Amino acid sequence: MFHKEGAKIILITTVIVTAWILLADSFIAIDWLRMVVQSIGLVLLILVLQFFRNPKRNTHVDDNTVIAPVDGKVVVIEEVYEDEYFKDKRLQVSIFMSPINVHVTRYAVNGKVNFSKYHPGKYLVAWHPKASTENERTTVVLENRLFGEILYRQIAGALARRIVNYAKEGTQVKQGTDAGFIKFGSRVDLFLPLGTPINVILNQKVKGGETVIAELPSHE
């Protein structure tokens, strides 16, 4: 299954690669050279297809948990001052996505979208300390009945040139469902209330829609 954001690019790439292969077959007489040229086209198509893949995820919907919004590696777990929306200290968990990761963004919790804003900006490498505040990004705040408000930020990287954000202020969203897409390698920052129990560690690989980032004790 492929994400709808890749439909146009996949179609264009398929047409170009098909033409590339047919032209190589018609105009390159040397067998090994023809195979090399055709293989380059096929590799390009495979790379595009893998980038826009949208695998089904088995999300265990639970208001006691915050799940990973994206696939990638945990690169930051620290207390920081969040100066755009909360304007106070929060617990930040950042997930870095390489170009080979699934780039679908999923809602980390159930709740209401209280804030959604796009910011144009730079294209620093995603792990740069200033990327969170200077790069192109979107900021979304969800209000969950147990965690209260949590913020997540989609951040463009050196290769990413388009962020897609589906969150609309005032709407109710379901944990694990499609919240957007980031094209070509980037990161997502989560800002949680101080004292939130964290279930992941630095450098841990996480899977969007499934890995539990934080979990409150059950009172059942």
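Bear in mind the structure is a predicted one, so any value in this text is a computation, not a measurement.

## Quick word on the sheet that holds strand β8 (residues 162–165)
Move 1: The strand order across the open sheet formed by 3 strands is β4-β10-β8, and the pairing between neighbours is antiparallel. A single partner strand is all that each edge strand has here, and the edge strands are β4 (104–106) and β8. Going from strand to strand, the sheet's axes swing by 15° on average, the running direction of each strand aside.
Move 2: Alignment of β4 against strand β10 (residues 178–183), held across 3 bridges, turns out to be antiparallel. Pairing of Arg-106 across the sheet is with Asp-178, part of β10.

## Quick word on the pattern of salt bridges
Oppositely charged side chains are able to pair whenever their charged atoms sit close together.
Move 1: Taken as a whole, this structure holds 9 salt bridges when the rule is applied.
Move 2: Here Asp-63 and Arg-145 are joined by a salt bridge, their closest N and O atoms 2.7 Å apart. Here Asp-63, found in the loop between α2 (31–51) and β1 (65–67), pairs with Arg-145, found in the loop between β6 (137–144) and β7 (148–156); they are 82 residues apart in sequence, far enough to count as distant.
Move 3: Note that Glu-82 is salt-bridged to Arg-153, the shortest N-O span being 2.9 Å. One end of the pair, Glu-82, is in strand β2 (residues 72–82); the other, Arg-153, is in strand β7, with 71 residues separating them in the sequence. With respect to class, Glu-82 is no different from Arg-153; both count as buried.
Move 4: Residues joined in a network through salt bridges with shared partners are Asp-25, Asp-31 and Arg-34.

## Some details on the nonpolar core
Move 1: Core analysis: the largest hydrophobic core is formed by 30 residues, its most contacted members being Val-66, Leu-142, Ile-150, Tyr-152, Leu-190 and Ile-213.
Move 2: When contributions to this core are tallied by element, the ones reaching two or more residues are β3 (88–97), β6, β7, β10, β11 (186–192) and β13 (212–215).
Move 3: Not counting chain neighbours up to four residues away, the residues in contact with Tyr-152 comprise Thr-105, Tyr-107, Thr-138, Thr-139, Val-140, Leu-142, Asn-165, Ala-167, Ala-179, Val-188, Asp-189 and Leu-190.
Move 4: If you look at the next biggest cluster of nonpolar residues, it comprises 8 residues, including Phe-52, Val-104, Val-164 and Phe-181.

## With respect to the side chain of Asp-71
Move 1: The residue Asp-71 is located in the loop between β1 and β2 in this model.
Move 2: There is a polar contact of 2.8 Å between the side chain of Asp-71 and the side chain of Arg-57.
Move 3: A distance of 2.6 Å separates a polar side-chain atom of Asp-71 from the backbone nitrogen of Gly-208.
Move 4: Residues within four places of Asp-71 in sequence aside, it is in contact with Arg-57, Ile-95, Phe-96, Met-97, Asn-101, Val-102, Val-206, Lys-207 and Gly-208.

## A word on the packing of aromatic side chains
Move 1: What the rule picks out here adds up to 3 aromatic pairs.
Move 2: The interplanar angle of 10° and the centroid separation of 5.4 Å between the aromatic rings of Phe-52 and Phe-181 together place this pair among those described as stacked. You can see Phe-52 sitting in the loop between α2 and β1 and its partner Phe-181 sitting in strand β10, a full 129 residues away along the chain.
Move 3: Their ring planes at 85° and their centres at 5.2 Å tell us that Tyr-85 and Phe-86 sit as a pair that is edge-to-face.

So, how was this worked out
- Throughout, residues of each chain are indexed from 1 in the direction in which the sequence is written.
- Predicted model: local features are reported for residues with pLDDT of at least 70 only, side-chain atom pairs are reported and counted for 80 or more only, and whole-chain, interface and lining totals are derived from all residues.
- Only hydrogens and water are set aside when side-chain values are computed; all heavy atoms of the structure are taken into account.
- Only when DSSP finds a minimum of two bridges between them are two strands counted as paired.
- Per the convention used, a helix needs a DSSP run of H or I reaching at least four residues, while a strand needs a run of E reaching at least two, with both numbered from the N terminus.
- To get an axis, a line is fitted to the C-alpha atoms, and for a helix only the part in contact is used. The angle between two axes follows their N-to-C directions and goes from 0 to 180 degrees.
- Whenever a carboxyl oxygen of Asp or Glu lies within 4 Å of a side-chain nitrogen of Lys or Arg, that contact is scored as a salt bridge.
- Type-normalised accessible area, obtained with a 1.4 Å probe on protein chains alone, sets the label of each residue: buried when under 20%, exposed when over 50%, and partly exposed for intermediate values.
- We call a set of buried residues a nonpolar core when its members are Ala, Val, Leu, Ile, Met, Phe, Trp, Tyr or Cys and they connect through side-chain atoms within 4.5 Å of each other.
- Two residues qualify as a contact provided that any one of their heavy atoms is within 4.5 Å of a heavy atom in the partner residue.
- Here a polar contact is taken to be a pair of N or O atoms separated by no more than 3.5 Å, where protein atoms must pair a possible hydrogen donor with a possible acceptor and residues adjacent in sequence count only if both atoms sit in side chains.
- Pairing of aromatic rings covers Phe, Tyr and Trp, the last through its six-membered ring, and needs centres within 6.5 Å; plane angles under 30 degrees mean stacked, over 60 mean edge-to-face, and all others mean tilted.

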